[in-house]
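As a plain string of letters, each chain reads:
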Amino acid sequence: MIRRCFSAVLLSVALGAGVFAQQPAAPGTSQAQKPSTTVQLPPAPLLPQSLGAWTLTDQKPAVTDTGFNDVINKELGVKRSQAGVYTSGNNQLSIVATQYMDATGAYAAFASLRQADTHATPVKVGNESEVKGNEVLFWSGPTLVSASFQTQPDYKALETLTNGLPKLGGAAGRAPGLLSYLPKSGLRAESVKYAVGPATYQRDGGQLNPSIVDFSKSPEIATGQYPHGTFVAIYYPTPTIAGDRSRELLKDLLEHLPAGATTDSVAVRRAGPIVAVTYGQFTAEEAKKLLDQVHYETNITWNKPEGYISEASKAARLLVNIILGVFAMGLAALVLGAFFGGGRALIRVLQGKPASSMHDAEFIHLDLRQDAPPLQREN
């Protein structure tokens, strides 16, 4: 009887579902599910309407871009750009802001536009900034900003601008890690260049043969000037490519010396996927000393603030961590022993018993001595 009632209920549900399925769709609707529409808001403008006492106007500055051609802009990964003129009383401020795909493009553009006679701003703006007269150039994350003041630079206004610029997390928002492989001693900071393509490299005055560097393998190149010559660090996707290119680079440099370079200054060394090159007026000892500072290990994290960590430093850190771990475990053992053992003893003392229970009368034990009387079976 129950099974028949249950069958009747199932039949009623099935018929009801069929009736609803055959009902016509409401006017203006389709039986097929319409694709959902996603509303994507446009990104916030690079230039805000105000920067403290400065107000954005409808004027356009005389220069509205960074001056790179389309090929270089493509190599650097330009995403968007905005130019504007601000006024504060009778003072005027022209700004050109360009956003790139990541911080590598912004830094490469900054290094390419930085001039030799500029100097660091008295107040840090963005990740890195330079000033020359009333013109300030800086990069912040994936954005490069060129600001030209009519009078003295207003760094507070630029700080306000920096706070509203796009931000990227992780390595995409930091300077390229390859820069850490340029030896610091003797390096002229304003001379550092960074290239991700042949057009950018040639614009920055690179003297290595682009066909030998082989930009089809997607290398990145960091170049720095030293008192007696040039140091170049090239990062390739794999050590195999780096090994092949290092041999070809050395051969080409010895056959076609860069302008003003000596044979002794030409040296090439590969460290993993990195190829280091020296040329100029270095002595053989100076070139070797620079190249010996280039190390690479697979556990190195790109864009790591401390850069390369030697084996001695790693061993010292491991030993210190082991010693700290032993002290921590010993301290934990003492604390736990005092807590459990001392706590139990304190409770027994408060109950009027000895602190130790070894001689308690109620202590249960088995007398297994040989002279113990045998057990008697009760009848």
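A brief report on the enclosed structure follows. (Residues numbered from 1 in each chain as written. Predicted model: local features only at pLDDT ≥ 70, side-chain atom pairs only at ≥ 80, totals over all residues. Heavy atoms only, no water.)

Some thoughts on the sheet that holds strand 11 (residues 229–235)
No. 1: Ordered by their spatial adjacency, 5 strands build an open sheet running 9-10-11-13-12, and the pairing between neighbours is antiparallel. If you trace the sheet from one side to the other, it starts and ends with strand 9 (193–195) and strand 12 (267–271), each paired once. In this sheet, neighbouring strand axes are inclined to one another by 15° on average, regardless of whether the strands run parallel or antiparallel.
No. 2: Looking at chain direction, strand 11 and strand 13 (residues 274–280) are connected through 7 bridges and run antiparallel. Its bridge partner lying in strand 13, Tyr235 is registered against Ile274.
No. 3: Lying over the sheet, helix 7 (residues 239–255) contacts strand 11, strand 12 and strand 13, oriented at roughly 175° with respect to strand 12. (Pairing = 2+ DSSP bridges. Helix = DSSP H or I, 4+ residues; strand = E, 2+ residues; numbered from the N terminus. Axes fitted to C-alpha atoms, helices over the stretch in contact; angles between N-to-C directions. Contact = heavy atoms within 4.5 Å.)

A closer look at the sheet that holds strand 3 (residues 78–88)
Adjacent strands of a sheet pair through backbone hydrogen bonds, lying either parallel or antiparallel.
No. 1: Strands sit in the order 1-2-3-4-8-7-6-5 across an open sheet of 8 strands; the sheet is antiparallel. The strands lining the two open edges of the sheet, one partner per strand, are strand 1 (50–51) and strand 5 (119–120).
No. 2: Pairing between strand 5 and strand 6 (residues 128–132): 2 bridges, direction antiparallel. The partner of His119 across the bridge, within strand 6, is Val131.
No. 3: Of the strands in this sheet, strand 1, strand 2 (54–56), strand 4 (91–100), strand 6, strand 7 (135–140) and strand 8 (143–149) touch helix 4 (residues 155–163), which is tilted by about 25° from strand 7.

Considering the pairing of strand 3
No. 1: Looking at chain direction, strand 2 and strand 3 are connected through 2 bridges and run antiparallel. Residue pairing for strand 3: Leu56 is matched across the bridge by Tyr86.
No. 2: Pairing analysis gives 10 bridges linking strand 3 to strand 4, with the strands arranged antiparallel. What sits directly across from Ala83, in strand 4, is Val96.
No. 3: Turn length for the strand 3-strand 4 hairpin, with the two strands adjacent in sequence and antiparallel, is 2 residues, and the turn residue Gly89 shows positive phi of about 70°.

Remarks on helix 7
No. 1: The terminal C-alpha atoms of helix 7 lie 24 Å apart, and with 17 residues this matches the ideal 24 Å at 1.5 Å per residue to within 8%.
No. 2: Restricting attention to buried positions, one finds in helix 7 the residues Ala242, Gly243, Arg245, Ser246, Leu249, Asp252 and Leu253.
No. 3: As for helix 7, its buried residues are in contact with helix 6 (210–213), strand 11, strand 12 and strand 13. (Expected span 1.5 Å × (residues − 1). Buried < 20%, exposed > 50% of the residue type's maximum accessible area, 1.4 Å probe, protein only.)

Overview of the pattern of salt bridges
No. 1: Under the defined criterion, the tally for this structure stands at 6 salt bridges.
No. 2: Arg245 serves as the salt-bridge partner of Asp244, at 2.7 Å between the closest nitrogen and oxygen.
No. 3: On the basis of relative accessible area, Asp244 is assigned to the partly exposed category, the value being 33%. (Salt bridge = Lys/Arg side-chain N within 4 Å of Asp/Glu carboxyl O.)

Focus: the nonpolar core
No. 1: Tyr107 and Phe231 are the most contacted members of the largest nonpolar core, which has 33 residues in total.
No. 2: Elements represented by at least two residues in this core include exactly helix 2 (70–76), helix 3 (103–113), strand 7, strand 10 (220–226), strand 11, strand 12, strand 13 and helix 8 (284–291).
No. 3: Here the element with the most residues in this core is helix 3; it accounts for 7 residues.
No. 4: Grouped together as the second largest cluster of nonpolar side chains are 21 residues, Leu46, Ile95, Phe138 and Val145 included. (Core = buried A, V, L, I, M, F, W, Y, C linked by side-chain atoms within 4.5 Å.)

Details of the environment of Gln207
No. 1: Here Gln207 shows up in the loop between helix 5 (198–203) and helix 6.
No. 2: In the structure, Gln207 is positioned 46 residues away from Leu253 in sequence and 9.6 Å away in space, judged by C-alpha atoms.
No. 3: If near-sequence neighbours (up to four positions away) are discounted, Gln207 is found in contact with Tyr201, Pro258, Ala259 and Tyr279.
No. 4: A distance of 3.3 Å separates a polar side-chain atom of Gln207 from the backbone nitrogen of Ala259. (Polar contact = N/O pair within 3.5 Å; in protein donor to acceptor, adjacent residues only side chain to side chain.)

Concerning the pairing of strand 7
Each regular strand carries side chains that alternate between the two faces of the sheet.
No. 1: The buried fraction of strand 7 amounts to 5 of the 6 residues, a majority that puts the element mostly inside the structure.
No. 2: Relative to strand 7, strand 6 runs antiparallel, the two sharing 5 bridges. In the sheet register, Ser129 faces strand 7, and the bridge partner there is Phe138.
No. 3: Here strand 6 hands over to strand 7 after 2 residues, with Gly133 in that stretch at a positive phi of 65°.
No. 4: Here strand 7 pairs with strand 8 via 6 bridges, running antiparallel. Paired with Phe138 across the two strands is Val145, which belongs to strand 8.
No. 5: Turn length for the strand 7-strand 8 hairpin, with the two strands adjacent in sequence and antiparallel, is 2 residues, and the turn residue Gly141 shows positive phi of about 60°.

Some words on the side chain of Asp204
No. 1: Tracing the backbone shows Asp204 in the loop between helix 5 and helix 6.
No. 2: Buried and without a salt bridge, Asp204 has Arg203 as its closest oppositely charged side chain, separated by 4.3 Å.
No. 3: Polar contacts involving the side chain of Asp204 include one to the side chain of Ser112, which spans 2.7 Å. (Lys, Arg positive; Asp, Glu negative; His and termini not counted.)

Side note on a nonpolar patch on the surface
No. 1: There is a patch of nonpolar side chains on the surface, built from Leu318, Ile322, Val326 and Met329 and spanning about 420 Å² of accessible area.
No. 2: Mapped onto the secondary structure, Ile322 falls in helix 9 (residues 311–350). (Patch = residues over 30% accessible without salt bridge, like charges linked within 9 Å, V, L, I, M, F, W, Y side chains within 5 Å. Areas by Shrake-Rupley, 256 points an atom, 1.4 Å probe, with all protein chains shown as cover.)

Some details on the environment of Gln92
No. 1: When you line up the elements, Gln92 lands in strand 4.
No. 2: Along the backbone, Gln92 and Gln150 are 58 residues apart, and their C-alpha atoms lie at a distance of 5.3 Å.
No. 3: Setting aside residues up to four positions removed in sequence, Gln92 forms contacts with Trp54, Gln59, Val85, Tyr86, Thr87, Ser148, Phe149 and Gln150.

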